[in-house]
Amino acid sequence: MTELLQHLFNGLSLGTIYALVALGYTMVYGVLKLINFAHGDIYMVGAFSGYYLGALLGTPRHPNVGKAALVVLGAMAICAALGFVIERFAYRPLRHRARLTALITAIGVSFLLEFGFQLNPIIRSPIEFPPGPSPRFFPPLVDLGAPVELLGATVPRMDLVGFGVALLLMTGLQWIVYRTRFGVAMRAVSFDPQVAGLMGIPVNRIIAGTFVLGSALTAAAGIINASSRPRIEPLLGLMSGLKAFVAAVLGGIGSVPGAMAGGVLLGVVEEFVSGYTSSSYRDAIAFAVLILVLLVRPEGLFGKGRVEKV
């Protein structure tokens, strides 16, 4: 029983990370019908932004809550700006082209971020920027003390804090989407951007805001994950981004509650499979889930099937 609870807590911690990243996929797809494959690499940029901001603020020597909050907010701002730039200069010029063109561009942007962050630094500095290909150890942002015992399972305090922050961010996103004017406009653009534009909704601004919002959430996910699993590297977002995409498909891509449920479910399933069989199956299970969903329920758990007239 204790082992089962241990895997459950670990899976919930991992699943909330997938859920936060999957929200960015599902929001962009809901508005643009575009799979933004660069989104996983924004997750990596968020982790590295937290790493360098933490070094500048001195958190490795003096970790505290105030500095941790500045690191998280700063990383979210950096990734929000990056999301805006990617949408403005990579996707917006191709919006009225074939969808395959935008998809290829998304893959190109992903490679640019992944291998751009592997460049060796030209100018040596105390914090070594650009990062270079070597893995980094993410510094502790806060000193939370020893793990806690919950029903016999050992749970790191950082996992509890990360879980709480992730739930807070997901609840905030739910409120924005369903209780604010921006959320109403975003859902209108998702339904029909041309009609939304005729009704006076600034379509370009809403789409850019969607990228900004999704990228900021992904940055928070990167820091939460790096705080619990402190090894970061330029290819960090490759597998995590693919798994978050699987989580979005599992929940029903285009559905905000579906992305949250899919991320948590995938994290729990992955943890149980790796815990009770072999850790080598950890990455394979995500793609097995993807194949199974596409075969049995292509619209996902919360998605709705659409009938297209031809």
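Scroll up to find the structure.
Now for a quick tour of the structure.

Parameters at a glance
Residues numbered from 1 in each chain as written. Predicted model: local features only at pLDDT ≥ 70, side-chain atom pairs only at ≥ 80, totals over all residues. Heavy atoms only, no water. Helix = DSSP H or I, 4+ residues; strand = E, 2+ residues; numbered from the N terminus. Rg over C-alpha atoms; globule rule 2.2 N^0.38 Å. Buried < 20%, exposed > 50% of the residue type's maximum accessible area, 1.4 Å probe, protein only. Contact = heavy atoms within 4.5 Å. Areas by Shrake-Rupley, 256 points an atom, 1.4 Å probe, with all protein chains shown as cover. Phe/Tyr/Trp six-rings, centres within 6.5 Å; stacked < 30°, edge-to-face > 60°. Lys NZ or Arg CZ within 6 Å of the ring centre and 35° of its normal. 1 Å grid on protein atoms, 1.4 Å probe; cavity = no way out; pocket = protein on both sides within 12 Å on 5 of 7 lines; lining within 4 Å. Points joined across faces, edges and corners; volume = space filled by probe spheres on them. Nonpolar A, V, L, I, M, F, W, Y, C, P; charged D, E, K, R; others polar. Salt bridge = Lys/Arg side-chain N within 4 Å of Asp/Glu carboxyl O. Patch = residues over 30% accessible without salt bridge, like charges linked within 9 Å, V, L, I, M, F, W, Y side chains within 5 Å.

### As for the overall build of the protein chain
Next, step 1: On a plain count of helices and strands, the protein chain comes out with 11 helices and 4 strands.
Next, step 2: Computed over its C-alpha atoms, the radius of gyration of the protein chain comes to 19 Å, within 12% of the 19 Å expected for a compact globule of 310 residues.
Next, step 3: Each of the three principal axes of the protein chain carries a C-alpha extent, and together these read 60 × 50 × 35 Å.
Next, step 4: Considering the protein chain as a whole, with its 310 residues, one finds that 46% of them fall into the buried category.
Next, step 5: Taking the contacts inside the protein chain whose residues are at least 6 apart along the sequence as the reference set, 74% of them involve residues at least 24 apart.
Next, step 6: When the accessible area of the protein chain is evaluated, it comes to approximately 15500 Å², of which 68% is carbon and sulfur surface.

### Details of the packing of aromatic side chains
Next, step 1: One pass over the structure, following the stated rule, counts 8 aromatic pairs.
Next, step 2: A centroid spacing of 6.4 Å and a plane angle of 25 degrees characterise the contact between phenylalanine 48 and tyrosine 52, whose relative ring orientation is stacked. Of this pair, phenylalanine 48 and tyrosine 52 both sit in helix H2 (residues 39-57), 4 residues apart, which is roughly one turn of that helix.
Next, step 3: Using a relative accessible area of 7% as the deciding quantity, one classes tyrosine 52 as buried.
Next, step 4: Taken together through their ring pairs, the aromatic side chains of Phe48, Tyr51, Tyr52 and Phe117 make up a single cluster.
Next, step 5: Over the ring of tyrosine 29 we find lysine 33; its NZ or CZ atom is 5.9 Å from the centre of that ring.
Next, step 6: Arginine 88 extends its terminal NZ or CZ atom over the ring of phenylalanine 89, reaching a point 5.4 Å from the ring centre.

### Details of empty space enclosed by the protein
Next, step 1: Counting across every chain of the model gives 1 cavity of 30 Å³ or more.
Next, step 2: When its volume is computed, the largest cavity comes out at roughly 30 Å³.
Next, step 3: Around the largest cavity sit Ser13, Thr16, Ile17, Met158, Asp159, Gly162, Phe163, Ile224, Ser228 and Arg229, which together line it.
Next, step 4: Ranked by residues supplied to the lining of the largest cavity, first place goes to helix H5 (residues 157-179) with 4 residues.
Next, step 5: Among the residues forming the lining of the largest cavity, the class breakdown is 4 nonpolar, 4 polar and 2 charged.

### Let's talk about the layout of surface pockets
Next, step 1: Roughly 450 Å³ of internal volume is contained in the second largest pocket.
Next, step 2: Lining the second largest pocket we find 19 residues, and of these Asn225, Arg229, Leu236, Ser240 and Lys243 sit closest to its centre.
Next, step 3: The set of elements that each furnish at least two residues to the lining of the second largest pocket consists of helix H1 (2-32), helix H9 (236-251), helix H10 (256-276) and helix H11 (282-296).
Next, step 4: Residue composition of the lining of the second largest pocket, by class: 6 nonpolar, 4 polar and 9 charged.

### Structural notes on the pattern of salt bridges
Next, step 1: According to the stated counting rule, one finds 8 salt bridges in the structure shown.
Next, step 2: Of the charged contacts in the structure, one is a salt bridge between arginine 95 and glutamate 87, with a shortest N-O distance of 2.6 Å.
Next, step 3: With a relative accessible area of 0%, glutamate 87 lands in the buried category.
Next, step 4: Within the structure, one salt-bridge network assembled from shared partners comprises Lys243, Glu270, Glu271, Arg282 and Asp283.

### Observations concerning a nonpolar patch on the surface
Next, step 1: A cluster of nonpolar residues, Ile107, Phe111, Phe115, Leu235 and Leu238, forms a patch on the protein surface that exposes about 440 Å² of accessible area.
Next, step 2: With 3 residues, helix H4 (residues 99-116) is the largest single contributor of residues to the nonpolar patch.
Next, step 3: In this fold, isoleucine 107 is placed in helix H4.

By themselves, these are just geometric observations and shouldn't be taken as functional.
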